[in-house]
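# Results of the structural survey
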Amino acid sequence: VQLVESGGGLVQPGGSLRLSCAASGFTFSNYDMSWYRQTPGKGRELVAAISSAGGSTNYADSVRGRFTISRDNAKNTVYLQMNSLKPEDTAVYYCKAIRTINRVGYWGQGTQVTVSS
């Protein structure tokens, strides 16, 4: 099982980034997918989640209306489109795969997002 995040970087406030998480080693369409973020000294916070077929999504209140989660099961990839970024969005962003039938989860290694002028 492998989850590889990409797309992080440095962006100015108000800017946009799109994160990708490429999955391999498991049947991607059998897994709900989520994005979490973590800042130093804090636990991981759920940012957004999408169901295995993509029909259901949910968002943290802090990002609703600015971030969009999506997935392409043909490409085994989940995305997080982040718009109107704020300095408080600065964090390491992780994707997580959760098997629908037993809730077993796998984590990626994370990608750094820094929002600063």
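For the structure, check the block above.
Residues numbered from 1 in each chain as written. Predicted model: local features only at pLDDT ≥ 70, side-chain atom pairs only at ≥ 80, totals over all residues. Heavy atoms only, no water.

The full count for this structure, using the stated rule, is one disulfide. Note on cysteine connectivity: Cys21 is disulfide-linked to Cys95, with sulfurs 2.0 Å apart. Note that Cys21 is positioned in strand E3 (residues 17-24) and Cys95 in strand E9 (residues 91-99), a separation of 74 residues in sequence. In this pair, the class of Cys21 matches that of Cys95, namely buried. (Disulfide = S-S within 2.5 Å. Helix = DSSP H or I, 4+ residues; strand = E, 2+ residues; numbered from the N terminus. Buried < 20%, exposed > 50% of the residue type's maximum accessible area, 1.4 Å probe, protein only.)

Let us now look at the environment of Gly15. By the secondary structure assignment, Gly15 is in the loop between strand E2 (9-11) and E3. Sequence-wise, Gly15 and Val92 are 77 residues apart; in three dimensions their C-alpha atoms are separated by 17 Å. Those residues in contact with Gly15, other than ones at most four positions away along the chain, are Met82, Asn83, Ser84 and Leu85. (Contact = heavy atoms within 4.5 Å.)

Applying the stated criterion across every chain yields a total of five salt bridges. A salt bridge links Glu45 to Arg37; its shortest N-O distance comes to 2.8 Å. Among the residues examined, Glu45 registers a relative accessible area of 32% and is labelled partly exposed. Judged by its relative accessible area of 7%, Arg37 is buried. The partner of Asp89 in a salt bridge is Arg37, with the nearest N and O atoms 2.9 Å apart. You can see Asp89 sitting in the loop between strand E8 (77-82) and E9 and its partner Arg37 sitting in strand E4 (residues 31-38), a full 52 residues away along the chain. One network of salt bridges, in which partners are shared, links Arg37, Glu45, Arg66 and Asp89. (Salt bridge = Lys/Arg side-chain N within 4 Å of Asp/Glu carboxyl O.)

To continue, consider the packing of aromatic side chains. For the structure on display, the rule yields six aromatic pairs. Ring geometry for Tyr36 and Trp107: centres 4.9 Å apart, planes at 65°, overall edge-to-face. With Tyr36 in strand E4 and Trp107 in strand E10 (residues 105-107), this residue pair connects regions lying 71 residues apart in the sequence. Judged by relative accessible area, which is 15%, Tyr36 ranks as buried. (Phe/Tyr/Trp six-rings, centres within 6.5 Å; stacked < 30°, edge-to-face > 60°.)

Nothing here speaks to function; it is all geometry.
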